[in-house]
Amino acid sequence: MTAAEEKRLREWKQGEKTVTLTKGQWSSLTIYLQISSRYREDEAKSWEKLAEELDEEGNPKYKNAHSNAKFWEEMNETIKSIKSKIDGEYSQAE
């Protein structure tokens, strides 16, 4: 990806998006986010462990393991942030 493409992607990701949910949808979404949090945490830990493995020449055995671990760590933080925002907006609406 070129620097210009990365910049456009970053800008796009920072743009806001409004979504209207019913209370039932909100409930289902928050339950799903909560019950899937352990999966995301375990994925990050698994990839971190794989990132430590080296081949016989001392090079990383799994070349993408470190970036995969970082992806899952960032994803988990993003999901926590989204859940906090959803929870905050829901409590204000009550």
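Residues numbered from 1 in each chain as written. Predicted model: local features only at pLDDT ≥ 70, side-chain atom pairs only at ≥ 80, totals over all residues. Heavy atoms only, no water.

Undergrad: So what's going on with the overall build of the chain? Residues and values would help.
TA: Tallying secondary structure elements over the chain gives 4 helices and 0 strands in all. Taken from the N to the C terminus, the helices and strands of the chain come in the order α-α-α-α. Relative to the globule expectation of 12 Å for 94 residues, the C-alpha radius of gyration of the chain, 18 Å, shows a markedly less compact shape. Expressed along its principal axes, the backbone C-alpha trace of the chain runs to roughly 60 × 35 × 15 Å. (Helix = DSSP H or I, 4+ residues; strand = E, 2+ residues; numbered from the N terminus. Rg over C-alpha atoms; globule rule 2.2 N^0.38 Å.)

Undergrad: Give me the packing of aromatic side chains: which residues, what numbers.
TA: This structure, assessed with the given rule, holds 2 aromatic pairs. With centroids separated by 5.7 Å and ring planes inclined at 85°, the aromatic side chains of Tyr-39 and Trp-72 adopt a geometry described as edge-to-face. On the criterion of sequence distance, the pair formed by Tyr-39 in helix α3 (residues 37-52) and Trp-72 in helix α4 (residues 65-93) is long-range, its members being 33 residues apart. Residues Phe-71 and Trp-72 carry aromatic rings whose centres are separated by 5.2 Å and whose planes lie at 80° to one another, so their mutual orientation is edge-to-face. (Phe/Tyr/Trp six-rings, centres within 6.5 Å; stacked < 30°, edge-to-face > 60°.)

Undergrad: Any chance you could break down the pattern of salt bridges for me, citing the residues and the numbers?
TA: Overall, the coordinates contain 6 salt bridges when judged by the stated rule. Lys-61 is the salt-bridge partner of Glu-53, the closest N and O atoms lying 4.0 Å from each other. Lys-61 gets classed as partly exposed once you look at its relative accessible area, which sits at 47%. (Salt bridge = Lys/Arg side-chain N within 4 Å of Asp/Glu carboxyl O. Buried < 20%, exposed > 50% of the residue type's maximum accessible area, 1.4 Å probe, protein only.)

Undergrad: So what about the side chain of Arg-40? Which residues, and what values?
TA: By the secondary structure assignment, Arg-40 is in helix α3. Although Arg-40 lies buried, it forms no salt bridge, and the closest oppositely charged side chain, Glu-41, sits 6.9 Å away as judged by the N-O distance. In terms of polar contacts, Arg-40 uses its side chain to reach the side chain of Ser-36, at 2.6 Å. Residues within four places of Arg-40 in sequence aside, it is in contact with Leu-33, Trp-72, Met-75, Asn-76 and Ile-79. (Lys, Arg positive; Asp, Glu negative; His and termini not counted. Polar contact = N/O pair within 3.5 Å; in protein donor to acceptor, adjacent residues only side chain to side chain. Contact = heavy atoms within 4.5 Å.)

Undergrad: Describe the environment of Ile-31, listing the residues and the values that go with them.
TA: In this structure, Ile-31 sits in helix α2 (residues 23-35). Along the backbone, Ile-31 and Lys-83 are 52 residues apart, and their C-alpha atoms lie at a distance of 9.9 Å.

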